Amino acid sequence: MKIAILSRGPRLYSTRRLVEAAQARGHEVEVIDALRCYMNITSNHPQIHYKGRILGDFDAIIPRIGASITFYGTAVLRQFEMMGVYPLNESVAISRSRDKLRSLQLLSRKGVGLPVSGFAHSPDDVDDLLKTVGGAPVVIKLLEGTQGVGVVLAETHSAASSVIQAFNGLKANILVQEFIKEAKGADIRCFVVGGKVIAAMKRQGKEGEFRSNLHQGGSASLIRITPEERATAIRAAKIMGLNVCGVDLLRSNHGPVVMEVNSSPGLEGIEGATSKDVAGIIIQFIEKNAKRNNTSTKGQG
Ligand code: ADP
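Position labels on residues start from 1 in each chain and follow its written sequence. Per-residue local features are limited, in this predicted model, to residues with pLDDT of at least 70; the limit for side-chain atom pairs, both in listing and counting, is 80 or more; totals at the level of whole chains, interfaces and linings are taken over all residues. The basis for every side-chain value is the complete set of heavy atoms in the structure, and neither hydrogens nor water enter the calculation.

**Describing the nonpolar core**
Ranked by internal contacts, the top residues of the largest apolar core, which has 27 residues, are Leu107, Cys190, Val247, Val258 and Val261. The helix count covers DSSP runs of H or I at least four residues long, the strand count covers runs of E at least two residues long, and both are numbered beginning at the N terminus. Elements with a contribution of two residues or more to this core: helix H4 (100-109), strand E12 (186-193), strand E13 (196-204), helix H7 (227-240), strand E15 (244-252) and strand E16 (255-262). At five residues, H7 tops the list of elements feeding residues into this core. Residues belong to a common nonpolar core when they are buried Ala, Val, Leu, Ile, Met, Phe, Trp, Tyr or Cys residues joined through side-chain atoms within 4.5 Å. Whether a residue is buried, partly exposed or exposed follows from its accessible area with a 1.4 Å probe, protein chains only, as a fraction of its type maximum: under 20%, in between, or over 50%, in that order. Formed by 26 residues, the second largest nonpolar core is a distinct cluster that contains Val19, Met201, Ile270 and Ile282.

Structure representation (structure tokens):
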């Protein structure tokens, strides 16, 4: 097969591993920088130009679109979809998953376990907002944050109101959540491929840190997940419409709760912690499923 990887970093671990795994299984691979693609959307024959030539004859495309280029990256992916190229994850599903609020709304509608959460922009009544999520301690998140930046634990009511007021001043959208203390600074990343959890790791925040992000000094290790955790991760992936994703769970007193569904999960942490050939599993999934026009939306979403 001819496979394209939409990635800005050919030297990034995840991109390199996908290239290696595809080549090892006899495929031709090209890494394409979405920001360098330009497109013709006026003709009946959608085209993508790249470095002076027309791209087109790919069988499948693996999107690895960074959060900062979601808008343009998903537009390029949509163009590939319109040309009939099989996308590992569809553009519509990626856009959906990049909106934290929308994702939580979709998951809650289907009854997936979530931390009790409230969202606000400029609440007049902060006390009432805090009451709706059960009061302090709470976790307050800037919706635009990634990798744990903009995620604050407010242990008391007055700390929570000050943080909310400060975020109000920034005119930011915020999410206020019950603090899942019993998770003890750890979360579980379930790596889902084609409706199966193919690897799972526990991420533990460094001493005294409630955030488990590896970027915040956390460490990863292999973990056995419960059948309920497995089922929750699979449901979350299905609801989001993602073939490949990382579902982040917290172990709460009221069962597993989903924090986030990541449509471009990194491979380094999970392959390192589990010694699984995650890249190879992804390529095998593509081999089984890549057929022309095999998308639910054809880029129309
Ligand atoms: P980001 O998307 O920026 O990584 P997250 O929402 O995943 O932000 O939060 C970062 C980390 O903070 C999580 O990995 C988790 O360890 C911790 N965390 C987030 N929300 C809660 C919560 N409601 N209760 C306890 N810990 C939380």
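**Some words on unusual backbone geometry**
Generally, phi is negative for residues other than glycine and the peptide bonds are trans, each holding for most cases. The residue after Ala136, namely Pro137, is reached through a cis peptide bond having omega 0°. Its location among the elements puts Pro137 in the loop between helix H5 (126-132) and strand E9 (138-142). A positive phi angle is found at Lys171, which is not glycine, with a value near 55°. With respect to the element layout, Lys171 can be found in the loop between helix H6 (157-169) and strand E11 (174-178). For Lys171, a relative accessible area of 65% gives the class exposed. Despite not being glycine, Ser275 has its phi angle at roughly 55°, a positive value. With respect to the helices and strands, the residue Ser275 is situated in the loop between helix H8 (268-274) and helix H9 (278-289).

**As for the packing of H4 against H7**
Only the stretch in contact is used when fitting a helix axis, every axis being a line fitted to C-alpha atoms; angles between N-to-C directions are given from 0 to 180 degrees. Between H4 and H7, the shortest axis-to-axis distance is 10 Å and the interhelical angle comes to 115°. In the crossing of H4 with H7, the sense of the turn from one axis to the other is right-handed. On H7, the residues touching Ser103, Leu106 and Leu107 of H4 are Ala236, Ile239 and Met240. Within the contact of H4 with H7, the residues separate by chemical class into five nonpolar, one polar and no charged. The sense of a crossing depends on the near helix, which, turned anticlockwise from the far helix by less than a right angle, makes the crossing left-handed and, turned clockwise, makes it right-handed. Throughout, a residue-residue contact means that at least one pair of heavy atoms, one from each residue, lies within 4.5 Å. Residue classes follow a fixed rule: Ala, Val, Leu, Ile, Met, Phe, Trp, Tyr, Cys and Pro count as nonpolar, while Asp, Glu, Lys and Arg count as charged, and any other residue, Gly among them, counts as polar.

**Concerning the domain arrangement of the chain**
How large an interface is tends to be reported as the accessible area lost when its parts come together. The split into domains, and so the bounds of each, comes from an automatic or database assignment of domains. For the chain, the assigned domains are domain 1 (2-89), domain 2 (96-112 + 182-284) and domain 3 (117-179). Relative placement of domain 1 and domain 2: their C-alpha centres are 25 Å apart. Contacts between domain 1 and domain 2 engage 19 residues on the former and 17 residues on the latter. Accessible surface is computed with a 1.4 Å probe, and the buried area is the amount of it that two parts give up when combined, taken over both parts together. Summing both partners gives a buried area of about 1,400 Å² for domain 1 against domain 2, and 55% of it is carried by carbon and sulfur.

**Comments concerning the pattern of salt bridges**
Where charged atoms from two side chains of opposite charge approach closely, those side chains can pair. When a carboxyl oxygen of Asp or Glu is within 4 Å of a side-chain nitrogen of Lys or Arg, the pair counts as a salt bridge. For the structure on display, the rule yields 13 salt bridges. Residues joined by salt bridges that share partners form a network here, namely Arg17, Glu20, Glu271 and Asp277.

**Let's talk about the sheet that holds E16**
For two strands to count as paired, DSSP must find a minimum of two bridges between them. With antiparallel pairing, the five strands of this open sheet are ordered in space as E14-E13-E12-E15-E16. The strands lining the two open edges of the sheet, one partner per strand, are strand E14 (219-222) and E16. For this sheet, the mean inter-axis angle between neighbouring strands, taken without regard to orientation, is 30°. Bridge count between E12 and E15: six bridges; the pairing is antiparallel. When the bridges of E15 are listed, Val192 appears paired with Cys245.

**What about the packing of aromatic side chains?**
Any two rings among Phe, Tyr and Trp, with Trp reduced to its six-membered ring, count as a pair given centres within 6.5 Å; such a pair is stacked if its planes are under 30 degrees apart, edge-to-face if over 60, and tilted if neither. All chains considered together, the criterion is met by two aromatic pairs. Their ring planes at 65° and their centres at 6.3 Å tell us that Phe58 and Phe80 sit as a pair that is edge-to-face. One end of the pair, Phe58, is in the loop between strand E5 (53-55) and strand E6 (60-63); the other, Phe80, is in helix H2 (residues 70-82), with 22 residues separating them in the sequence. Neither residue differs from the other here; Phe58 and Phe80 are each classed as buried.

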